[in-house]
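Coordinates in review
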Amino acid sequence: MNYWMVKQEPDAYAWDQFVRDKGTVWTGVRNFQARNNLRAMKKGDEVFYYHSVTGKSVVGTARVTREAYRDPSAEDGDWACVDLVPRQACRTPVTLEQIKAEPSLRGIALLRQSRLSVMPLSPAEADTLRRLGGLG
DNA sequence: GCCAACGTTGGC
DNA sequence: GCCAACGTTGGC
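Below, the structure is looked at part by part. Each chain has its residues counted from 1, running along the sequence as written. Chains and ligands are labelled sequentially in the order written, the chains with letters from A and the ligands with numbers from 1. Per-residue local features of the predicted model are confined to residues with pLDDT of at least 70, and side-chain atom pairs are confined, for both listing and counting, to 80 or more; whole-chain, interface and lining totals are unaffected and use all residues. Note that water and hydrogens are dropped before the side-chain values are worked out from all heavy atoms of the structure.

1. Considering the protein's contact with DNA strand C
Threshold: Throughout this document, a residue counts as near a molecule or strand when at least one of its heavy atoms sits within 4 Å of that molecule or strand. Counting of polar contacts relies on pairs of N or O atoms within 3.5 Å, with two restrictions inside protein: one atom must be capable of donating a hydrogen and the other of accepting it, and residues adjacent in sequence are counted only when both atoms are side-chain atoms. For this scheme, ten residues count as nonpolar: Ala, Val, Leu, Ile, Met, Phe, Trp, Tyr, Cys and Pro. Four count as charged, namely Asp, Glu, Lys and Arg, and the remainder, Gly too, count as polar.
Inspection of the region around DNA strand C gives Lys7, Tyr50, Ser52, Val53, Lys56, Leu96, Lys100, Ser114 and Arg115 as its neighbouring residues. Within 4 Å of the protein, the contacting atoms of DNA strand C are 83% sugar and phosphate, with bases supplying the remainder. Tyr50 places a side-chain nitrogen or oxygen 3.1 Å from a phosphate oxygen of DNA strand C. Residue composition of the surface near DNA strand C, grouped by class: three nonpolar, two polar and four charged.

2. Regarding helix H3 (residues 32-40)
Because the α-helix completes a turn every 3.6 residues, residues three or four places apart line up on one side. Basically, it comes down to this: With a 1.4 Å probe rolled over the protein chains alone, any residue whose accessible area is under 20% of its type maximum counts as buried; one over 50% counts as exposed, and the rest are partly exposed. Segments assigned H or I by DSSP are reported as helices when at least four residues long, segments assigned E as strands when at least two residues long, and all are numbered from the N terminus. In this description, the arc belongs to the directions extending from the helix axis to the C-beta atoms. In what follows, residue pairs with any heavy atoms lying within 4.5 Å of each other are defined as contacts.
Listed in full, the buried residues belonging to H3 are Ala34, Arg35, Asn37 and Leu38. The buried residues of H3 occupy an angular sector of 160° when projected down its axis, which confines them to one face. Next to the buried residues of H3 lie strand S1 (3-8), strand S2 (24-26), strand S4 (57-70), strand S5 (80-95) and strand S6 (118-121). Measuring from the backbone nitrogen of Gln33 back to the side-chain oxygen at the start of H3 gives 3.0 Å, which picks out Asn31 as the cap.

3. A word on the pattern of salt bridges
Quick reminder of the rule: One speaks of a salt bridge when a side-chain nitrogen belonging to Lys or Arg is within 4 Å of a carboxyl oxygen belonging to Asp or Glu.
As enumerated under the stated definition, the model contains six salt bridges in all. With a shortest N-O distance of 2.2 Å, Arg130 and Glu46 are connected by a salt bridge. Taken together, the positions of Arg130 in helix H6 (residues 123-133) and Glu46 in strand S3 (residues 46-51) put the pair 84 residues apart, joining distant regions of the chain. A relative accessible area of 12% means that Arg130 is categorised as buried. For Glu46, a relative accessible area of 2% corresponds to the buried category.

4. Remarks on the protein's contact with DNA strand B
Close to DNA strand B lie Asn31, Phe32 and Arg115. Each atom of DNA strand B within 4 Å of the protein was classed as base or backbone; sugar and phosphate made up 42%.

5. Regarding H6
Among the residues making up H6, those that are buried are Glu125, Ala126, Thr128, Leu129, Arg130, Leu132 and Gly133. Just beyond H6, the residue with positive phi is Gly134, at close to 70°.

6. Brief notes about the environment of Phe32
You can see Phe32 is positioned in helix H3. Residues Phe32 and Trp79, 47 residues apart in the sequence, show an inter-C-alpha distance of 8.3 Å.

7. Details of the packing of aromatic side chains
Heads up, the condition is: Stacked, tilted and edge-to-face are the three classes applied to pairs of Phe, Tyr and Trp rings, where Trp contributes its six-membered ring and a pair requires centres within 6.5 Å; stacked means planes under 30 degrees apart, edge-to-face means over 60, and tilted covers the rest. Only lysine NZ and arginine CZ atoms are considered, and such an atom sits over a ring when it is within 6 Å of the ring centre and within 35 degrees of the ring normal.
What the rule picks out here adds up to six aromatic pairs. Put simply, the rings of Tyr13, Trp15, Phe18, Trp26 and Tyr49 touch in pairs and so form one group of aromatic residues. Just above the ring of Tyr69 sits the side chain of Arg66; from NZ or CZ to the centre is 3.5 Å.

Put into structure tokens, the structure is as follows:
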């Protein structure tokens, strides 16, 4: 089981909408490193959902239900998407401020590569986020 | 609104 | 292959 984080501006596609939709196809990634991370996702992996720009916090988790396939929204180029379904909303969102203040999250990709929209998490990082977010 | 970081593009 | 210019992301 692998752990990941995806970033999305809530103005573009908010967690609440994701929950109402009961899942979505994670399209639109146009960065090679992020795409490669999408391709490394396995069915059943846990994905933390981060609201960038507005909110700046981890708001919930999702599960990968279909592994990478061709992004139908890509006009050209070799891009990928996965299917995600909501798993659990954070009891309390984990703010960027909290993440920065947490010593065990010092190495998290969110802080090290601020522009990467799909990134891996270590099991320990996932564990800390679950704890801070009040996820069972 | 500003700006730093950083990925991409294109001229050479 | 290098690097300047440019566009985008995302925190502040």
